[in-house]
Amino acid sequence: MKLKIKNAEKLSNDILKLIGFKNSEAKLISNALIEADLAGKSSHGLSRLFYFKRAVIDGISQPKINLKTEEISIKKETSNTILVDGKKKCGFVVLDQALKLTIKKAKNNNIVATGLSNTAPMTGCLGHFVRIATENNLIYIGFNNSPGRVAPHGTRKKLWGTNPINIGIPTNKYPIIHDMSTAKITVGGLLKTLRAGGKLPKGVAIDDKGNLCTDPQKVFDEGSLLPIAGYKGSGLALICELLAGALTGSRAGFSIPGGWGTFFILINPTSFKPLKQFKKDIDKVIKELKKAPKQKGVEEVFYPGERSMKLRDKQLKAGTVDIDDTVYSNLQDLIKQLS
């Protein structure tokens, strides 16, 4: 269904405040969730509100989300680095505040690396934060980890998170945003399939015995997701565990405890060449891509993030956002339960 954006914002804000988030945090989280739906990332959109109910009220969050007024702080800082103590605040809130600090610093220091520690679930659709960096004409390179759901290549035990890698590059039009999980399916995708009562695609998950499994409930309860591209994706997931986890003082596998981990770098392109020339060269590369001979059945070739940004623009212009009918109905039921 098509829901007016302002109504989606009110619905999300009301639910989050009933769960216990203060108004400013509820608005920030709601905006990020709706941005995911606007970009067509429904697995990371308003459907995630059900998680917050389970996380806070049912107490499943690890670590427990801090709803108190305590603000995040900087544990350590140099001219080109920031290490943030998230105070167990929700990842949306921690990453938003850390990004603002890093953007300001990167504009004066050209390259800044930031680590988030002591952060509670979750950070959601990371492409939203990447886009904000590109809108400030900065390059974003990020690594993230989360509680173990993925079995490393060759194993049958879940050890690592779905561990997204995000890269954003500013352009003269839609930014290039490559936001990819290092698992074949995200946890959001797993939960979406579970709620819909469907089956997982074959080859994306295994049961606890190591056999391919398409039952989302069985995978969620005792199985594991699989990394993309075999050992190559597994290697990338390990890099995320080490940079986002071990480096920042967050969890890494099950051997090092801690909160969710994020490590990102912002680069000011002007430290290498004038921004106008940089974007002009990007335009040439994109134009060459678009004009390349297409394979049979392919009408258009898109660069990373282009389709999502076009969909976002279309929905913003219409003032509505597409929400699954069942998700909307269940959210209505949820707000009644919480009231």
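Right, let's walk through the structure included here.

Concerning the sheet that holds strand β2 (residues 73–77)
Piece 1. In spatial order, the strands read β2-β3-β4-β10-β5-β6-β7; together these 7 strands make up an open sheet with mixed pairing. Among the strands making up the open sheet, the edge pair consists of β2 and β7 (176–180). When strand polarity is set aside, the average angle formed by the axes of neighbouring strands in this sheet is 15 degrees.
Piece 2. Bridge count for β2 against strand β3 (residues 81–85) is 4 bridges, and the pairing is antiparallel. Residue pairing across strands places glutamate 77 opposite isoleucine 82, the latter belonging to β3.
Piece 3. Sheet strands in contact with helix α4 (residues 91–109) are β2, β3, β4 (111–119), β5 (139–145) and β10 (260–267), and its direction is about 160 degrees off that of β4.

Some details on the pairing of β4
Piece 1. Counting buried positions over the 9 residues of β4 gives 7, a clear majority of the element.
Piece 2. As defined by bridge partners, β3 adjoins β4 across 5 bridges and the pair is classed as parallel. Note on β4: the bridge partner recorded for aspartate 85 is serine 117.
Piece 3. For the segment spanning β3, α4 and β4, crossover handedness is right-handed.
Piece 4. As judged from the 7 bridges shared by β4 and β10, these two strands associate in the antiparallel manner. Looking at the pairing, leucine 116 lines up with threonine 262 of β10.

Examining helix α9 (residues 275–291)
Piece 1. In a regular helix each residue adds 1.5 Å, so 17 residues correspond to 24 Å; α9 covers 24 Å between its end C-alpha atoms and thus fits that length.
Piece 2. Where α9 is concerned, the buried positions are Phe278, Lys279, Ile282 and Ile286. Considered in projection along α9, the buried side chains sweep an arc of 90 degrees and stay on one side of the axis. Away from its buried face by more than 90 degrees, α9 exposes Lys276, Lys284, Lys287, Glu288 and Lys291.
Piece 3. Buried residues along α9 sit against β5, β6 (165–169) and β7.

A closer look at the environment of glycine 115
Piece 1. As for its placement among the helices and strands, glycine 115 is situated in strand β4.
Piece 2. Here glycine 115 falls in the buried class, since its relative accessible area comes to 6%.
Piece 3. Sequence-wise, glycine 115 and serine 30 are 85 residues apart; in three dimensions their C-alpha atoms are separated by 24 Å.
Piece 4. Excluding anything up to four places from it in sequence, glycine 115 contacts Ile82, Leu83, Val84, Thr248, Thr262 and Phe263.

Let's talk about the pattern of salt bridges
Piece 1. Under the defined criterion, the tally for this structure stands at 19 salt bridges.
Piece 2. The salt bridge partner of glutamate 71 is lysine 22, with a shortest N-O separation of 3.0 Å. Note that glutamate 71 is positioned in the loop between α3 (49–57) and β2 and lysine 22 in the loop between α1 (5–19) and α2 (23–38), a separation of 49 residues in sequence.
Piece 3. Note on lysine 22: relative accessible area 25%, which makes it partly exposed.

Points about the packing of aromatic side chains
Piece 1. Here the structure, examined in full by the defined rule, presents 4 aromatic pairs.
Piece 2. With 5.8 Å between their ring centres and 65 degrees between their planes, tyrosine 51 and phenylalanine 52 make a pair best called edge-to-face.
Piece 3. Judged by its relative accessible area of 0%, phenylalanine 52 falls in the buried class.
Piece 4. When the ring of phenylalanine 52 is compared with that of phenylalanine 92, the centres are 6.2 Å apart and the planes differ by 50 degrees; the resulting orientation is tilted. Of this pair, phenylalanine 52 sits in helix α3 while phenylalanine 92 sits in helix α4, and the two are 40 residues apart along the sequence.
Piece 5. The aromatic ring of phenylalanine 220 is capped on one face by arginine 149, whose charged end is 4.3 Å from the ring centroid.
Piece 6. Positioned over the ring face of phenylalanine 254 is arginine 251, at 5.9 Å from the centre of the ring.

Conventions adopted
- Residues numbered from 1 in each chain as written.
- Predicted model: local features only at pLDDT ≥ 70, side-chain atom pairs only at ≥ 80, totals over all residues.
- Heavy atoms only, no water.
- Pairing = 2+ DSSP bridges.
- Helix = DSSP H or I, 4+ residues; strand = E, 2+ residues; numbered from the N terminus.
- Axes fitted to C-alpha atoms, helices over the stretch in contact; angles between N-to-C directions.
- Contact = heavy atoms within 4.5 Å.
- Buried < 20%, exposed > 50% of the residue type's maximum accessible area, 1.4 Å probe, protein only.
- Right-handed = clockwise from strand over helix to strand, strands pointing away.
- Expected span 1.5 Å × (residues − 1).
- Arc of directions from axis to C-beta.
- Salt bridge = Lys/Arg side-chain N within 4 Å of Asp/Glu carboxyl O.
- Phe/Tyr/Trp six-rings, centres within 6.5 Å; stacked < 30°, edge-to-face > 60°.
- Lys NZ or Arg CZ within 6 Å of the ring centre and 35° of its normal.

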